Structures are given as structure tokens and as C-alpha cells.
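Listed below are the residues making up each chain.
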Amino acid sequence: MKKREFWARLRRNKLAISGLILVSGLFLVSIFAYYLAPYDPGQIDLNQVLMPPSAQHWLGTDTLGRDVLSRIIYGSRVSLKVGFVAVGLATLIGLIVGATAGFYGGWVDLVLMRFVDLMLCFPSFFLILAVIALLEPSIWNIMVVIGATSWMGVARLVRAEILSLKEREFVTAARALGASDMRLILRHLLPNALAPVMVSATLGVAGAILTESALSFLGLGVQPPTPSWGNILTAGKDNIEIAWWLSVFPGLAILITVMSYNLLGEGIREAIDPRLKE
Amino acid sequence: MWTYMIKRLLLMVPLLVGITLVSFVVIHLAPGTPVELQTTMNPKASLEAQKRLRELYGLDKPLYVQYWDWLKRMAFLDFGRSFSPDRRPVWDKIKERIGITVSLNTLSLLIILMVAIPIGIFAAVKPHSWFDRGTTLFVFFGFAMPTFWLALLLMMLFGVYLEWLPISGLTSLGFHQFTLWHKITDLAAHIVLPVLVAAFGGLAGMSRYMRGNMLEVIRQDYIITARAKGLPERTVIFKHALRNALLPVITLLGLSVPGLIGGSVIFESIFAIPGMGQLFYGAVMARDYPLVMGELVIGAFLTLLGNLLADVGYALVDPRIRTE
């Protein structure tokens, strides 16, 4: 599909554009966190413990008197990092497995796809927790574990695309010209299969952010004092009877972020395949 | 039907073996062996004791022997003993909690079906109506809502501010002395929030899926025929269209099992419900390896069972599957 056509369709999709604006906004917030945050996110002030939102602290303070707004702003960095690294890894594994299975077929396909089925049998949150229990919880470990347990969808997608593409004439032509398997896959097949992968990666970022926040909330993700939306919510739960602002605002940040990636993903999907929009 | 069932059951065997293999690999990712961990926590353990422990777990044997031994024990649901001070067998610990998790998840599946299917039907029958637009918005929220946050908000609203519902555990103090009716209402009050939270995530997906199916079916020729012969719209939708639109839902039900089981870790630990999820969370926090392993295998097994039930259910209602 033509690039210009794609952008033109994407531009006309209001939801996609609002998603794109929100996602870019989040990027800017996490890049310029230092300038945007009114306070140092780690600055403890024991005279200002659990203060409700006020002119001084717009979103209140936490149990150590730290400014919640500043911590949420810095927390966006964690979400961004986890989203991109985890999904990058998942997409990479998915591309390799899916392309190999689809291209070579036969028993290679059989073995790889049975492995995909197998991985889908595990409740992924159980698998993630088990691995986290063995390794130490840290932002790098979570990114790797989320990536390593969420590639199966991409693999199936890529395999299906490759299967339908590999019998086409342009592939036969390239093969006749003596292109190697590697070249066929990388130059001729994968580029034509990228569109649906892009959609699933965008939606995947949303999923990875949700998983990270849940892990951090359970104390098995990003460790304090590094602020993440999930671990601010842990304090929210511990103080649920006295400090509503600790529970409400970080969750809102997660909701808005995840929603904007979903909007963008759906928008891209519709721009790629307009038939989907009834 | 029977050949289909047998074929389907045979397909499960390699998956079962695979599940145990992956779990086995996962547990051996551990930086320290289980024995090291048990003895470093207890500095009094002598070298002799360490050796005995290592032999007990068979860690001095080659990996494939270890795996085979473990597999043999697992055939009898013997997952070893928990590392926690009570040292109870892992299966005993899981056994007493599995019922709670399975029944809560079944309940939330029922709620998902009861709410999502009507939403999907009405949204599809009148696409782009205000109802359809409203539910689309709801679906977008549903997909983006972190369930643990929803749990916190509901706890805050109904538990703390309105004080209508209890926010933790399954029963109140003194449950044993309650009358039967009191017992039922007490239990219901305790599980309403956890079940709602567990159902919420699936609700969005299922109603969206149902709407898609329904839209697809309504476009078919036989629906036009049904309308053309003058059947009332109600009959066309609920008798002719609904049946075919419901079929793929069975598959989605099976597919949603791993998500529900995984999600039970979250809602059970938030609402302090003594189920498998809470047990697993505790095991992870305490690095109780045998228990983590047992939970992992049982969780995967439940998923497999869910998929099997869905496939069999599908075959029961759709004869095309059986003859394939």
C-alpha cells in the first residue's frame, strides 16, 4: 500500500489522530520530565505527609511527603521504556518465529506452532510472576519477561501473512533471480507483512504498560524509590481510607495512556484496511 | 462425536508434556538451586544436611533424570513440600484453594456472558445508534482500565465512603454461627466486588466480539430470506441470527480462561480472598519454589481444560466440527 494513501487515511480518522496526539504528548512529558515536574520526585518532606491536593501540591503528597504530580510525571518514563522495550522484544521474537515457520513450512512449522500453542496454555501472568520470583524484580527483568511471554500473537500473524505471500509471483521471480532464503524473507516477504505487525505492536505497548503497572502494584515490578504508576498505587491501596488522591490520579494516568495507544492502534488498523470500518 | 473427543484428548498429551517441560526449564532458571536457598536461610545446616537435601531433590543427578523423576511424581500430583514453615505438601495447599478460584472465575464468566451478549446483540441490530456509540465508548474504557485500579476505586466507593460492602476476605468474623440466610448474604456481599472486577476485563472484549459476529451474520442471505418471508424481526434476530452468532463465543470463552486465572492473582490479593491466586502471590514473595512450580503447572492445566471444554462444547452444538 502507498505510504501517502496510508497517511491520508490516518489523518481523516479522528480517533487515531487524538491517539497520536496523546501518545506524542506522553513522549514529550517523559522527555521533559525534569522541566515539567514542579518538585524533585524523590524529595521527602515529612511536614507535608499525605496532604490532599492543594495549590502547592496539585495532586497532593504521598506517605513521605513527596509530590504526587512530580512522581506521576517521572513515572511516565517507566511506562514508556517498558512499553517499547518489551514490545520490541516480543515483536522481534514473533517475527523470527513466524517468518521461519511460515517460510520453511513442514516440520519446522509444526514444531514452532506447537510451541506457540504451548506458550498460550500458560496463564501469562502466572508465567511472568514465576520468572520474576526466580530472578529479582527490576525494570529490566520485567521488560524481558513481558517481551518473552507476549510474542505468540505476532508469530501467528507473521506466519499467516508469509504463508499467503510466499506463493505470489514476485517471490517466485526473486527466487528465480537467485535470491537467498534470508534475502527473500527480509527484503521481499517481511516488508509486505509489516502492516498488521505494526497494529499489534501498538496495541501490545498498551498491554505491556498494563502488565507492568500491575506487577509494580503487587511489589514485583519497578522497585521504590523509582516512581512508577503501579507502585504509587500500592501506597494508594495502603492508605485507601484516608488518601483518595494516591489511588485516583496514577490510575487515571494509566487509563489515559493505555487508551491513547489503543486508539492509535485501532486507527492504524482502519487506515491499513478501510473495509474494517463498516 | 466420540472419535472427535478421543482425537481431541490425544492432542492434549504433547501439550501436557510441553507444559511440564517449560515449567521445569523455568524453575531451573533460578540463580540458586532450591537447596542452596533452603540452607542459606538456615545457617545451622551442616554440609551433611545440605548433601542430604540435595539427594532428596535429586539435584546431583543429570537434568533429564531429574525431569523424569519429577514427571513421575507429578503423575500422582506430588509436587513436593512447600518451603514455608508448615512444610505441607504443595498439592494439599493448592487443593483447598482451587475451588474458590474456579467458582469465582466461573461466576464472572457467567456475568460476562449475561451482560456482553445482550450488549453485543443490541449494538449490532442498530449500528451507529446512541446505544451502539455508548457501548463502543464503554469498550474503549474497558480495554484500557487496569483491573487493580478499578478494584481500588470500587473498594473506595462501596467499602470506605458508602460502607455498603466489606472490602476483604470471603466471610465476616463469626461466620460459623450465622444462620443459613445470613451466611448466604454475607458471602454474596464479600464476593460481589471481586467478581465484578474479574468480569470487567472480559466484558469489553466479549461484547465487541459478539457485536462483530452479529453484524456478520445479519448480512447473510438466509437472514434476508427469513425477513422476506415475513417473519417478525424479533424471531429473525433471536432465533435465526443469534444461534450462529453465538457459536464463536464458545471458543472465545475457552480462550479467556488463562486471562481469568492470571487475573485472579490480582483481584485475590487485593480483596484478600484465599484462592489460588493469593497463594501464588504469597509463594512468589516468599520464593517458595515447589509451590510456584505446582501453581504454574496447575494453572496451565486449568487453561488446557478450559480449552478442551470449549472445543467439546463447540463440537456438541456445531455438527460441522465433528465430521471434519
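Residues numbered from 1 in each chain as written. Chains lettered and ligands numbered in written order. Predicted model: local features only at pLDDT ≥ 70, side-chain atom pairs only at ≥ 80, totals over all residues.

Draft legend 1. Summary view of the overall build of chain A. Looking only at helices and strands, chain A has 12 helices and zero strands in total. Its helices and strands taken in sequence order, chain A reads α-α-α-α-α-α-α-α-α-α-α-α from the N to the C terminus. For chain A, the spread of C-alpha atoms along the three principal axes comes to 75 × 45 × 30 Å. Within chain A, the fraction of its 278 residues that count as buried is 45%. (Helix = DSSP H or I, 4+ residues; strand = E, 2+ residues; numbered from the N terminus. Buried ≥ 20, exposed ≤ 12 C-beta atoms within 10 Å, placed from the backbone.)

Draft legend 2. Summary view of the overall build of chain B. On a plain count of helices and strands, chain B comes out with 14 helices and zero strands. Along its sequence from the N terminus, chain B presents helices and strands in the succession α-α-α-α-α-α-α-α-α-α-α-α-α-α. Taking all 324 residues of chain B together, the buried fraction comes to 34%. By sequence separation, contacts in chain B at least 24 residues apart represent 71% of the contacts at least 6 residues apart. (Contact = placed C-beta atoms within 7 Å.)

Draft legend 3. The UniProt feature "transmembrane region" (unreviewed entry) in chain A, seen in detail. Residue and element names in this part refer to chain A. UniProt records the feature "transmembrane region" (unreviewed entry) at residues 15-37, 84-104, 111-133, 139-158, 193-222 and 242-264, using the numbering of this structure. When the span residues 139-158 is considered, its composition is 85% helix and 0% strand, and the gap between its end C-alpha atoms is 28 Å. Helix makes up 83% of residues 193-222 and strand 0%. Its end C-alpha atoms lie 34 Å apart. (UniProt positions renumbered as here; feature names shortened; annotations may be inferred.)

Draft legend 4. Expanded view of helix α5 (residues 90-125) of chain B. Helix length check: α5 of chain B (36 residues) gives 51 Å between terminal C-alpha atoms against 52 Å at 1.5 Å per residue, within 8%. Taken as a whole, α5 of chain B carries its principal kink of about 35° at R97 of chain B. (Expected span 1.5 Å × (residues − 1). Bend = angle between axes of the 7 residues up to and from the residue.)

Draft legend 5. Up close: the nonpolar core. I72, F126, L129 and A130 of chain A together with A151, F280 and V292 of chain B are the most contacted members of the largest nonpolar core, which has 145 residues in total. Other than its neighbours up to four places away in sequence, A151 of chain B contacts V197, F267, I270 and F271 of chain B. (Core = buried A, V, L, I, M, F, W, Y, C linked by C-beta atoms within 7 Å.)

Draft legend 6. Seen up close, the interface of chain A and chain B. Contacts between the two partners involve 37 residues from chain A and, on the opposite side, 40 residues from chain B. For the side of chain A that touches chain B, the elements supplying multiple residues, two or more each, are α5 (106-121), α6 (124-134), α10 (181-217), α11 (229-238) and α12 (244-272) of chain A. Among the elements that take part in the side of chain A that touches chain B, α6 of chain A stands out by supplying 10 residues, more than any other. Looking at the side of chain A that touches chain B, its residues break down into 26 nonpolar, six polar and five charged. (Nonpolar A, V, L, I, M, F, W, Y, C, P; charged D, E, K, R; others polar.)

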